[in-house]
Structure formats: structure tokens, C-alpha cells
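What follows is each chain in one-letter form.
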Amino acid sequence: MSQDLSATPETPEEDGRPKWDNKFQYILSCIGFAVGLGNVWRFPYLCQIHGGGAFLIPYFIALLFEGIPLLHLELALGQCLRKGSIGAWNTISPYLGGVGVGSWMVSILVSLYYNTVLTWVMWYLINSFQEPLPWSVCPLNENRTGFNEECYESTAVNYFWYRKTLNITPDIAESGTLQWWLILCLAACWAIVYLCTIRGIETTGKAIYVTAIFPYLVLTIFLIQGLTLPGATEGLIYLFTPNVMVTWFEEADPGDIIEKSSEDGSSDVLIYKCGKADATAWGCLKLNTLKNPRVWLDAATQIFFSLSLAFGGLIAFASYNPTKNDCEKDAVTVAIVNSMTSLYASIPVFSVLGFKATTAYWDCLDRNIISIINEFDLPEESIMRQNYTSWISFLNSSYPEKIGGLNLKSCDLQEFLDQSVSGTGLAFIVFTQAIILMPGSQAWAILFFIMLFSLGLSSMFGNIEGVFTPLLELQIIPKSAPKELLSGIICLISFLIALCFTLRSGSYWIDIFDRYAGSVPLLVIAFFEVIGVVYIYKIKRFSEDVEWMTGRKLNLFWQITWRFISPLLLLIVFMAFVTLQMQKPPSYTAWNPKYEGFPMKEEKVYPPWVQAICVLLAALPCVWVPLVALFHLVKQKRRSKSPSFVPPEVFSCQGANSNFSHPKE
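Computed from a prediction, not measured in an experiment: that's the story for all the values here.

### Focus: the state of the cysteines
Okay, step 1: Within the structure shown, the criterion is met by 2 disulfides.
Okay, step 2: Linked covalently through their sulfurs, C138 and C151 form a disulfide whose S-S length is 1.9 Å. Sign of the S-S torsion, about -85° for the bond between C138 and C151, identifies this disulfide as left-handed. One end of the pair, C138, is in the loop between helix 6 (97-127) and helix 7 (149-153); the other, C151, is in helix 7, with 13 residues separating them in the sequence. Just as C138 is buried, C151 falls in that class too.
Okay, step 3: Sulfur of C185: no disulfide; nearest cysteine sulfur belongs to C189 and is 6.6 Å away.
Okay, step 4: By relative accessible area, C185 is classed as buried at 4%.

### Comments concerning the UniProt feature "binding site: Na(+)" (unreviewed entry) in the chain
Okay, step 1: UniProt's entry tags G32, A34, V35, N39, S306, N338, L455 and S459 with the feature "binding site: Na(+)" (unreviewed entry), counted in the numbering of this structure. Across 428 residues, the annotated set stays spatially compact, with a maximum C-alpha separation of 12.4 Å. When the annotated set is filtered for residues lining the second largest cavity, what remains is G32, V35 and L455.
Okay, step 2: Along the chain, the position of G32 falls in helix 1 (residues 23-34).
Okay, step 3: For G32, the contacting residues outside a window of four places in its chain are I208, A212, L455, S458 and S459.
Okay, step 4: Note on placement: S459 falls in helix 20 (residues 441-473).
Okay, step 5: Leave out the neighbours within four places in its chain, and S459 touches G32, F33, V35, G36 and Y114.

### Things to note about helix 10 (residues 201-228)
Okay, step 1: For helix 10, with 28 residues, the first-to-last C-alpha span of 41 Å sits near the 40 Å given by 1.5 Å per residue.
Okay, step 2: Taking the largest bend as the criterion, helix 10 deviates by roughly 40°, centred on A207.

### As for a nonpolar patch on the surface
Okay, step 1: On the surface, Y535, I536, L556, I560 and F564 cluster together to form a nonpolar patch covering roughly 500 Å² of accessible area.
Okay, step 2: Listing elements by their share of the nonpolar patch, those giving two or more residues are helix 23 (520-536) and helix 25 (556-582).
Okay, step 3: Along the chain, I536 falls in helix 23.

### Brief notes about the packing of helix 6 against helix 9 (residues 180-197)
Helix-helix packing: each pair is described by the crossing angle between the helix axes and the interaxial distance.
Okay, step 1: For the pair helix 6 and helix 9, the least separation of the axes is 8 Å and the interaxial angle reads 115°. Classified by the angle their axes make, helix 6 and helix 9 are roughly perpendicular. Helix 6 and helix 9 meet at a crossing whose hand is right-handed. Between helix 6 and helix 9, the contacting residues are S111, N115, T116, L118, T119, W120, M122, W123 and I126 on the first element and W181, L182, C185, L186, A188, C189, W190, I192 and V193 on the second.
Okay, step 2: Class assignment for the residues of the contact of helix 6 with helix 9 results in 14 nonpolar, 4 polar and no charged.

Criteria and cut-off values
- Each residue is numbered by its place in its chain's sequence as written, counting from 1.
- Per-residue local features of the predicted model are confined to residues with pLDDT of at least 70, and side-chain atom pairs are confined, for both listing and counting, to 80 or more; whole-chain, interface and lining totals are unaffected and use all residues.
- To get the side-chain values, all heavy atoms of the structure are used, and hydrogens and water are removed first.
- What counts as a disulfide here is a pair of cysteine sulfur atoms lying within 2.5 Å.
- Each helix corresponds to a stretch of at least 4 residues labelled H or I by DSSP, and each strand to a stretch of at least 2 residues labelled E; elements are numbered beginning at the N terminus.
- Relative accessible area decides the class of each residue, using a 1.4 Å probe on protein chains only: under 20% of the type maximum gives buried, over 50% gives exposed, and in between gives partly exposed.
- UniProt positions are given in the numbering used here, feature names are shortened, and annotations may be inferred rather than shown by experiment.
- Cavities and pockets were defined on a 1 Å grid built from protein atoms only: a cavity is a group of points that admits a 1.4 Å probe but offers it no way out, a pocket is an open group of points flanked by protein on both sides within 12 Å along at least five of seven lines, and a lining residue is one with an atom within 4 Å of any such point.
- Throughout, a contact is declared for two residues whenever any of their heavy atoms are within 4.5 Å.
- Under the convention used throughout, the expected extent of a helix is 1.5 Å for every residue step, that is, one less than its residue count.
- Note on bend: at a given residue it equals the angle between the axes fitted to the 7 residues ending there and to the 7 starting there.
- Patch criteria: residues need more than 30% relative accessible area and no salt bridge. Like-charged residues are merged within 9 Å; nonpolar side chains of Val, Leu, Ile, Met, Phe, Trp and Tyr are merged within 5 Å.
- Shrake-Rupley sampling with a 1.4 Å probe provides the accessible areas, and residues are treated as covered by the protein chains on show and by no other component.
- In the sections that follow, a salt bridge refers to a side-chain nitrogen of Lys or Arg positioned within 4 Å of a carboxyl oxygen of Asp or Glu.
- A fitted line through C-alpha atoms serves as each axis, taken over the contacting stretch for helices, and the angle formed by two N-to-C directions is quoted from 0 to 180°.
- Our angle categories are set so that under 35 degrees counts as roughly parallel, over 145 as roughly antiparallel, 65 to 115 as roughly perpendicular, and the remainder as oblique.
- Take the far helix as your reference; a near helix turned counterclockwise from it by less than a right angle gives a left-handed crossing, and one turned clockwise gives a right-handed crossing.
- Any residue outside Ala, Val, Leu, Ile, Met, Phe, Trp, Tyr, Cys, Pro, Asp, Glu, Lys and Arg is labelled polar, Gly included; the first ten of those are nonpolar and the last four are charged.

And the structure:
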């Protein structure tokens, strides 16, 4: 059965529920929700540190057996029940109501900090209209006799991020004051979110055409520009070449792994021991990459979080579909587009980072060349970048004392390439540094931050929908009240709570929310989603519902993944995630100009009261699952003693929709 994406799906007239204008709008909304900031600033980093092409093997295995099955399950569930997360799980079983409440709460917590990240993007976008870019030069000190000391000791890019944007405190315990420029940007971001979600999918469905498509246009522009920059090839080679040292041993067993950090702690270096029996270094490398549990954990978590599973937003989006719709094809389409976007984004990102590293490498060589020419009174163009190495070798052997006295910098392209990072460090430090070096830097900065804002905004639509739809169905406000009122209340309350992130210590708290509220709870919720459908609602009944919706039987792949593989993978990832977190006390890195190692960031352990908040954030969404189940168990025990008690009917998707006449496809 094939269905035209541009065709308007039919929805029963008796059903007053809103509907998508067309199938393409729905697919685009799901893609916009799934494709977010992590596709641009986390996937390329993981791909690079875990061996490039070798990392794609566990990544696509996780996509096949974890990502796509869970995505299919959520889309089928929402489409079948035509309800948001809370209503859907209450319908399946009151005992599973806590799963819906948990996902609703995660959507709230993630929305709070995610929109603050967009606040930072907006601040950079506003400043991108200045010429020169404000993060390209250090400001003068108070006496105007030299550069600001903090900026001079670090870089102009670091100074603008940590001081001019965040005005960060050196410790999380020092909350500091609210920053007025961030408050204004935060208010503007929530106002934009409100205007786009004012009537649910009726308005987000229109905005998604811009916010979901525009980033692909910008990525393509960056791809074309990036590939023409000097050093782009080096950046791409670095992306797909593992950061390893391969050592051959006559008696070593193939597959032995030693893992250690680089001297400055900036990145992980994997040292693989390979025996002579291995045919090639690549064959040995691939074997060892696949035997490293950290690679599998990173691949599984990236797939899971990138697809926005267990937030409730996908269930809400699918609930506005007609019940007769091919949700299986939708799930596969969204998952593949999401993963291909990650791969596509990696190319322009590392092309630009390769250009930045090459430029820094050339600058290092040029400074050394000038020092040597001045010291030895050589003709200006006698030493070039191309013959620098041979000159250094000659001078080191002939005049070792003179060369030693120059204190020449060690210029190594690999060291500059190793500075690749993920998250905010990539967007607001490394990439902004690269943009400064590009011709027409102002235009590239504007394009880059508009792209990031669009990516984040389309993800916010899904987060807010995961909050909005359940509240609308629970009739928190009277039916006569307009939807605009509920949207306004959600956005206003969220804005007021998110003000805490505009404190000088706000970025530390965003890291905590991201690490604890948006990680472990999602794994727990997704696990109970699969268990709830397969073993409580029963896989046979759910299979019949999906067959009724799509017009064809579920194949063996879905049966096996839903019954065994997906829940087992979720359990393994959860256990591995918790184990890694418990190996050392929770810590964070602080920007402290008084730290002896400055401009390196100072690593600190969270104080006990902050650790308690971390545990609370991780437990708060999860605790609703047993609490709601226990509540209904007690309630059921009491009601069952009543002689007038009648057991509830078993829910059936087909039965619930039997009063509607759907066209067969």
C-alpha cells in the first residue's frame, strides 16, 4: 500500500479532533522534532572520536533494532488511540498512566532548558549583525592601556561566550544575578514559541515548513562553501579516520584494547594492540572498535535521544492522523531521514573545522618562520611553509643553541584538529572561531545561527505538543476557553521558571538538566512503553490494530524487536549508563580566571545539595510509573469488594474507531 505524501488524509467528520493539512506536513513535523541541535553538534563528534566509518556499524545496528521499532510503536500507538501521552496510556491500562505522566514531565523539563539554549543562539544571532563580529577581537581593559586580561589569557571567542554572554560564575554554588540581555532574549524565544504553537498543530503545521526545511538549505550552502576552503580535505579525513595508535606485536592477541586519555584530558585516545595475524590495520581497528562497550553505549543513546523517543510529542503528533494510515512507513521514513541528516551535517561541520585547524597551523608556522628569519637575518621568502621542516632539521643540527633560544611553538596539524568538541563548545566556541576566518564572516555567522535557531525551534514544537495535547484532553481549562489561553499559560509559566537559567550560574544548571532530566528518565519510560504494549495490552492485540490501520500484517521483524530485542537493549543501555555515572562522583568544569591552569577549565565535584537535585531530576519523571500503578491497584482492590463492581472492558483500537467509516486503502 503506498500513499502520496502530498495527498490530504481523510479524517472522520464525526471526530472533532484537529487534523494535519496533509501527510507531508505530518512527516515534516516528526522530522523537525527528531532532527535537532544534536544532529549538528553531537553526532559528528561521536563519529570522529569512535573511528569514523567503524562507528557507523554499531550506530546503524542501534537504529535498526532500537530506534525504528520504538518509533514505530509510538506512532502506531498515537494514531490508534488518537490521544496524547497521558490519555493514551490511561486508555491502554490505568496502571500505565504513570508512563504518560512521566513523559509529559520530561517534555516540560526539557522544554525549560532547551529554549534557553535557543536564547543563547538568539543572542549570538543579534550580535552577528555587528561588523566586525564582537567575538573576533578582545576588548580594551578599564584603563584602555591594553587588552582585557581575561580575554588576553584565553581567546576573544572564549571571552565573548563565558563573560559577555553567560557572565559565568567560577562555581555552581555562586548563583549570581539575572542577566538582563538573556532575560530579553528568553522572553523573545518564548514569545516566538507561543506564536507558533498558539493553536497546537493548526499553527505549528504552518511554521514547520520553514523551520524544518530551512536548515537543510543552510547545510547545503555550508557544504558547498566548506568544501572549497583550504583544509577541508584534512577535516574530512580526520572525521572518518579514528583517533588511534596501532601497535604491532608478534605475540599479542588480536582485539586487545587499552584506553587512556590524552595528556591534557581534552580527548580520548584509544591504543589498540594488534597481532601480526591481522590482515590489515583497518581490520584490526574495526574489530576493536566493535569490542569497545563505550562505542555501543554512545551509538545507542545517540539514536534514542536523536529520535526524540519517550517524550510524548510523537504520540501527540500521530494522534492527529486518520486511523487508516501507514504508520510503519512513516516510522522508517522519519528514522532514515534523521540519520542521513546527521551524516550530511557532519561533512560541512568538519570541512569548516578542518579549515580552522589548517589556518591555525599555518599561523603557527608563519610565526616560527618570522622568528627564524629575524634571528638568522635570512631573505624574506627563503623559508616557506613547504620547506619549513627541512629548514628546522638543518638549523637544529647546525645551530641548536640559537634555535633552542627562540622558544619556537610546536606546530602540529593533528593537535589543532584534536580541538573538535561537541555541544555548546562546538556551536559557540569552535565554530564561531572558524567563521571569523572565513571570507564574509558576518553573513556566515547570521546563516549559521539562523540554522541553529530553526533546528531548535522545530524540536520545541514537539516538546510543547507533548505538554499541550495531554493538558487539552484533561480539560485543565473549560472547553469553552480558547486554545490560545492554554498555550499562553504553558509558555508564561515555562518562561518564569526558566529565568533561573539566566542567572550567572545558569549554564551549569542547563548541563545538569540535560544530563539527568533528559537521559535516564527517557530510557525508563521507553522500557515501560514497550513492556506495556507487548505484555499488558498484549502484542497480538496490538498487531491486529496495526494490521487494521496499515492494511497488512506485521512481519516477524517487528514481533521479535518489540518482544525481546528492544526492551533488552533499553535495559542494557540503562544499566551501562547508570554504571558509568556511578564510577566517579558527578562533576562539572568551571570557567575560573583565577584557576592556576587557566584558560583550561577547572574540574569540580558537585556539592552534596546539587547531587541531591541531580537525583531528584532523574527520579521525578520515573517515580510516577510505580506511584500511579500503586494508586490504581489500591483503588481497584477497594472497588472489587463492591457487589456492583463491573470489570472494565478490554480496550481495542478497532472497537474504539468502529463508529467511524474509513476508506479502505
